[in-house]
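Chain residues, written in single-letter form:
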Amino acid sequence: MKNRQLGRTGARISEIGFGAWQIGGSWGDVSEADGKQALNAALDAGVTFIDTADVYGDGRSEKIIAAVLKERGGVRPFVATKAGRRLNPHVADGYNAANLEGFVDRSLKNLEVETLDLVQLHCPPTEVLYRPEVFGALDDLVAKGKIRNYGVSVEKVEEALKAIEYPGVATIQIIYNIFRQRPQELFFAEAAKKNVGVIVRVPLASGLLSGKITRDTAFRADDHRNFNRHGEAFDVGETFAGVPFEVALEAVERLRPLVPAGMAMSTFALRWILEQPAVSVVIPGARNAAQAQSNAAASDAPAIAPETLARIGEIYDSLIKPHVHQRW
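None of the values given here were measured: they were computed from a predicted structure.

## Focus on the overall build of the protein chain
Stage number 1. Tallying secondary structure elements over the protein chain gives 11 helices and 10 strands in all.
Stage number 2. Computed over its C-alpha atoms, the radius of gyration of the protein chain comes to 18 Å, within 12% of the 20 Å expected for a compact globule of 328 residues.
Stage number 3. The principal-axis extent of the C-alpha atoms belonging to the protein chain is close to 55 × 40 × 40 Å.
Stage number 4. The buried share of the protein chain, taken over its 328 residues, is 57%.
Stage number 5. A sequence separation of at least 24 residues applies to 77% of the contacts in the protein chain between residues at least 6 apart.

## What about the packing of aromatic side chains?
Aromatic ring pairs are described here by two measures, namely the spacing of the ring centres and the angle between the planes.
Stage number 1. The tally for this structure, following the rule as stated, stands at 10 aromatic pairs.
Stage number 2. Between the aromatic rings of Trp21 and Tyr56, the centroid separation amounts to 5.8 Å while the plane-to-plane angle is 20°, which identifies the pairing as stacked. Of this pair, Trp21 sits in the loop between β3 (18–19) and α1 (32–44) while Tyr56 sits in the loop between β4 (49–51) and α2 (60–72); the two residues are 35 residues apart in sequence, bridging distant segments of the chain.
Stage number 3. Centre to centre, the rings of Phe240 and Phe245 are 5.2 Å apart; their planes meet at 40°, and the pair counts as tilted.

## Describing the side chain of His122
Stage number 1. Topologically, His122 is positioned in strand β6 (residues 118–122).
Stage number 2. Relative accessible area serves as the criterion here: at 9%, His122 is assigned to the buried category.
Stage number 3. Not counting chain neighbours up to four residues away, the residues in contact with His122 comprise Ala53, Val55, Tyr56, Lys82, Ala83, Gly84, Arg85, His90, Tyr95 and Ser153.

## Regarding the nonpolar core
Stage number 1. If you look at the biggest cluster of nonpolar residues, it comprises 97 residues, and the most contacted ones within it are Phe18, Phe135, Ile172, Phe179 and Phe187.
Stage number 2. Those residues within four positions of Ile172 in sequence are excluded, and the remaining contacts are Val152, Val154, Ala160, Ala163, Ile164, Phe187, Val196, Gly197, Val198 and Ile199.
Stage number 3. With 10 residues, the next largest nonpolar core counts Leu6, Ile13, Leu118 and Ile199 among its residues.

## What about the environment of Val259?
Stage number 1. Within the fold, Val259 resides in the loop between α8 (245–255) and α9 (265–274).
Stage number 2. What makes Val259 buried here is its relative accessible area of 14%.
Stage number 3. The spacing of Val259 and Ile304 is 45 residues in sequence and 9.4 Å in space, taken between C-alpha atoms.
Stage number 4. Contacts of Val259, omitting those with residues within four sequence positions, involve Ala264, Met265 and Phe268.

## Things to note about the pattern of salt bridges
Stage number 1. Evaluated as defined, the whole model comprises 27 salt bridges.
Stage number 2. Measuring nitrogen to oxygen at the nearest pair gives 3.1 Å for the salt bridge that ties Asp58 to Arg106. Of this pair, Asp58 sits in the loop between β4 and α2 while Arg106 sits in helix α3 (residues 97–111), placing them 48 residues apart in sequence.
Stage number 3. A residue is classified by how much of its surface remains accessible, and Arg106, at 25% relative accessible area, is partly exposed.
Stage number 4. Lys144 is the partner of Glu101 in a salt bridge, and the nearest nitrogen-oxygen pair spans 3.1 Å. Residue Glu101 is found in helix α3, and its partner Lys144 is found in the loop between α4 (132–143) and β7 (150–153); the two are separated by 43 residues along the sequence.
Stage number 5. Taken together, the shared-partner salt bridges in this structure form one network comprising Glu101, Asp105, Lys144 and Lys146.

Parameters and conventions
Residues numbered from 1 in each chain as written. Predicted model: local features only at pLDDT ≥ 70, side-chain atom pairs only at ≥ 80, totals over all residues. Heavy atoms only, no water. Helix = DSSP H or I, 4+ residues; strand = E, 2+ residues; numbered from the N terminus. Rg over C-alpha atoms; globule rule 2.2 N^0.38 Å. Buried < 20%, exposed > 50% of the residue type's maximum accessible area, 1.4 Å probe, protein only. Contact = heavy atoms within 4.5 Å. Phe/Tyr/Trp six-rings, centres within 6.5 Å; stacked < 30°, edge-to-face > 60°. Core = buried A, V, L, I, M, F, W, Y, C linked by side-chain atoms within 4.5 Å. Salt bridge = Lys/Arg side-chain N within 4 Å of Asp/Glu carboxyl O.

Now the structure itself:
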């Protein structure tokens, strides 16, 4: 497992992390036992970065992480969580000092720690990014010793560019994958200039870039790939990266011949992301140990040839770009 620097946090972390949304909820039935096995498999494979959120299973994800790390002992991995989506309604005014401290206190309890490594505002309304007092409140939580670092998880490139104007923002979490290529046009360069860590989520476009989903794949009622297909519950960009399902399936078939013999498409898709030096860590999720092991293996995959990268760009430009590029 290769390591990268997480911006100016001072942390050196595995370039493949563990996204803990799936072990929390909204991905169908993932038992606690399977969740623990998946996380243990990732850690055994050299993963040293875990990403979760207080709303994943209403704290279930954070509690599973705490239990696994307590059982394992030893050097503790870097654990990032998120705050803000517990607000109901989810509005900018809810991002105030009292609420943020309450969310942080809850995560401290769930994760069984005295200080959180990283707290990320969880895809806040864009207006929040124009309120300096929100970031002042986060600075206060750093001063109190409740958090070491803070960042923002965003939906849009414009939000990412605005967020890194604040000097205390140490990381940005953003969607970036073969189907969502806009961050590489400007944002990555700006993040690198400011030494901001970049955490990449939805790297496999909700499983589409595993190459295993077909038109006949059935998703459970409690799987967001069923209930959020059109953005009914949260931003549609979080589900299949916002690409219309049929279009995405066609793109997958065009990508398939580019995958080297013997390599899983998911490994290929993760390797494509790692070609970007501005990326600090990629956080694919895993429902079980086998998926976690497969994800971790991408760190050792060979670099993608320039001509293959160019062909991927052509597929994106011709098929995917009109649907997503200017939207996010």
